[in-house]
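Close look at the chain arrangement
Here are the chains, one letter per residue:
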Amino acid sequence: MKIRVGIGAGPRGDGDSLTFGGLVDRAEKLGVDSLWLPDTVTADLPDPHVGMAFAAGRTTRLKLGTGVSVLPGRNPVAVAKELATLADLAPGRILPAFGVQHARAFERQLFPVPGRRGAVFDEALALLRLLLDRENVTYAGEFYQCEGITIRPRPARKLDLWLGGSGPAALRRIGRLADGWLAAAVTPDEAARGRRTIEAAAAEAGRVVEDDHFGLSLPVAFGDYPAELLRALRERQPDADPADLVPVGWEAARRIVRACIDGGISKFVIRPATAPASWADFVDEFAQEMMPLET
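Our subject in this report is the structure included herewith. From a predicted model like this one, the values you see are computed outputs, not experimental measurements.

So, how was this worked out
- Residues numbered from 1 in each chain as written.
- Predicted model: local features only at pLDDT ≥ 70, side-chain atom pairs only at ≥ 80, totals over all residues.
- Heavy atoms only, no water.
- Helix = DSSP H or I, 4+ residues; strand = E, 2+ residues; numbered from the N terminus.
- Contact = heavy atoms within 4.5 Å.
- Core = buried A, V, L, I, M, F, W, Y, C linked by side-chain atoms within 4.5 Å.
- Buried < 20%, exposed > 50% of the residue type's maximum accessible area, 1.4 Å probe, protein only.
- Pairing = 2+ DSSP bridges.

What follows is about the environment of A56. On the secondary structure map, A56 appears in helix α2 (residues 48–57). Between the C-alpha atoms of A56 and G167, which are 111 residues apart in sequence, the distance is 33 Å. Once residues within four sequence positions are removed from consideration, A56 is found in contact with L64, A90 and R93.

Okay, here's the thing in structure tokens:
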């Protein structure tokens, strides 16, 4: 498998002078594989699609992903146009990953959907895929309709659409519909089992998810876990050891990455669990500590 390790963007701490543009420039200069933007309204971060466009315009090799962008609540036709434009302007460097709902519960109500989120997500994803892959698309679904629509510019190469999620329904959806998986808040054993579940669902649907299209977004802590982080981990994984979900320090992060590689995970998004004292230092340390794991 081809192992690749990227950085997940996050909010800046008080007094940190490195701007988002500075983070992009530093990642490009150091040869970081990819930079991923979360989808959160209230954090001090750019919208993921706007941020990808900004970053693409000032780099030539850095790949840019969403980790993850919530599709329900967005118009899939508009999203298709945005992604096709990005893929045309920065070919081979746009890595969209989508999820069903925002991680922060209070943000979910800001994006109302016309039905059950899972059903809306399936339909929006199907329409998005059609618009990116085909011309003259006609679609008549329960929530979305279009007739004879061709999105231009046309992507020169197929855009892979990855999905997040780790529940049984999410894993089956990935097998049926997605090109890859970007997991979060799972242990190495759960990541390995998730891959097997996805592969089984894909086989049942007559599909194959490529061998190196299984990833993990991994937060890394430096020092004690903040109480808020511990509460969030216990809500999502009450029986898991927090150290298996959020390693403390670079050596622990490398151990989890190696364990995940053994379980068939090959793409990683490393992000600080809380705002680092210095984003410049975080990126420099990432380059030294994590990039040697790439193959």
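From this point, things continue past the structure.
Take the nonpolar core next. Judged by nonpolar contacts, the single largest core of 78 residues is most densely connected at L35, L83 and I270. Top contributing element to this core by residue count: helix α5 (residues 117–133), with nine residues. Setting aside chain neighbours within four positions, we find L83 in contact with H49, M52, I94, P96, F98, L128, L132, L159 and L161. Counting residues in each nonpolar core, the second largest holds eight residues, with A221, Y225, L233 and V246 among its members.

Here strand β7 (residues 137–140) shows a clear split, with V137 and Y139 buried on one side and none of T138 and A140 buried on the other. By the bridge criterion, three bridges tie β7 to strand β8 (residues 145–149) in an arrangement that is antiparallel. Each bridged residue has a counterpart across the sheet, and for A140 the counterpart in β8 is Q145.

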